[in-house]
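Residue-level structural notes
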Amino acid sequence: MEITIQIIDSIREAARTFVSNMGDSRVFAFYGKMGAGKTTFIKAICEELGVDDVITSPTFAIVNEYSLPPVSSGGEDASSLFARSGGSLFHFDFYRIKRLEEVYDMGYEDYFYSGDLCFIEWPELIDELLPDDAVRVTITENSDGSRTVNF
């Protein structure tokens with residue numbers, strides 16, 4: 001699927017489209033150059049999923065955990081989000097990882113195979129550790145300043 005974000009003001013609409021097309025997938029690997037908008041887009045997705053916490057880049061922490069609220073039964077996306085409601089969302093940033101041993105030491109398997117949502121920035125640094133069913137999301141900055149999201 002391809003989503004175009006023409007201007008930053010339309011990012012929530014793009015996030016809504018992304019969320020409605022996530023299906024049952026749990027691990028999402030976000031690829032893109034520095035400044036492409038990975039963190040900004042993930043923040044918009046988290047907001048769309050109902051995360052109330054302050055959403056920040058986990059660059060120094062490596063991983064941030066957010067609670068997902070239960071989805072009300074009256075919401076139009078409730079059926080697609082039901083399986084994710086009430087769980088956790090883990091947001092990773094592996095930019096500062098120097099060795100794969102660091103990822104082993106943090107217990108990555110406990111996160112990736114937990115059944116909770118995992119959003120991963122800089123997955124190319126740990127590509128060999130990603131689950132086979134991880135969804136690869138590429139964000140590209142276009143010459144006109146818009147962004148294209150492919151997954």
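In what follows, the structure referred to is the one given above.
Residues numbered from 1 in each chain as written. Predicted model: local features only at pLDDT ≥ 70, side-chain atom pairs only at ≥ 80, totals over all residues. Heavy atoms only, no water.

Some thoughts on the overall build of the chain
Scanning the chain from N- to C-terminus turns up 5 helices and 7 strands. Mapped from its N terminus to its C terminus, the chain presents α and β elements in the order β-α-β-α-β-α-β-α-α-β-β-β. Going through the 151 residues of the chain one by one, you find that 45% of them count as buried. Considering only contacts in the chain between residues 6 or more positions apart, those separated by 24 or more positions represent 64%. As displayed, the chain offers around 8000 Å² of accessible surface, 46% of which is attributable to carbon and sulfur atoms. (Helix = DSSP H or I, 4+ residues; strand = E, 2+ residues; numbered from the N terminus. Buried < 20%, exposed > 50% of the residue type's maximum accessible area, 1.4 Å probe, protein only. Contact = heavy atoms within 4.5 Å. Areas by Shrake-Rupley, 256 points an atom, 1.4 Å probe, with all protein chains shown as cover.)

A word on the packing of aromatic side chains
Summed over the entire model, instances satisfying the criterion amount to 13 aromatic pairs. The interplanar angle of 80 degrees and the centroid separation of 5.5 Å between the aromatic rings of Phe18 and Phe41 together place this pair among those described as edge-to-face. In this pair, Phe18 sits in helix H1 (residues 11-20) while Phe41 sits in helix H2 (residues 38-48), placing the two residues 23 residues apart along the sequence. On the basis of relative accessibility, which here comes to 0%, the residue Phe18 falls in the buried class. A relative accessible area of 1% means that Phe41 is categorised as buried. Plain terms: the ring middles of Tyr95 and Trp122 are 5.0 Å apart, the flat faces sit at 50 degrees to each other, and that makes the pair tilted. Of this pair, Tyr95 sits in the loop between strand E4 (88-93) and helix H4 (100-105) while Trp122 sits in the loop between strand E5 (117-121) and strand E6 (135-141); the two residues are 27 residues apart in sequence, bridging distant segments of the chain. Trp122 sits in the buried class, given a relative accessible area of 14%. Site record: aromatic cluster; members linked through ring pairs are Phe90, Phe92, Phe94, Tyr104, Tyr108, Tyr111 and Phe112. The ring of Trp122 carries Lys38 above its face, with NZ or CZ at 4.2 Å from the centroid. (Phe/Tyr/Trp six-rings, centres within 6.5 Å; stacked < 30°, edge-to-face > 60°. Lys NZ or Arg CZ within 6 Å of the ring centre and 35° of its normal.)

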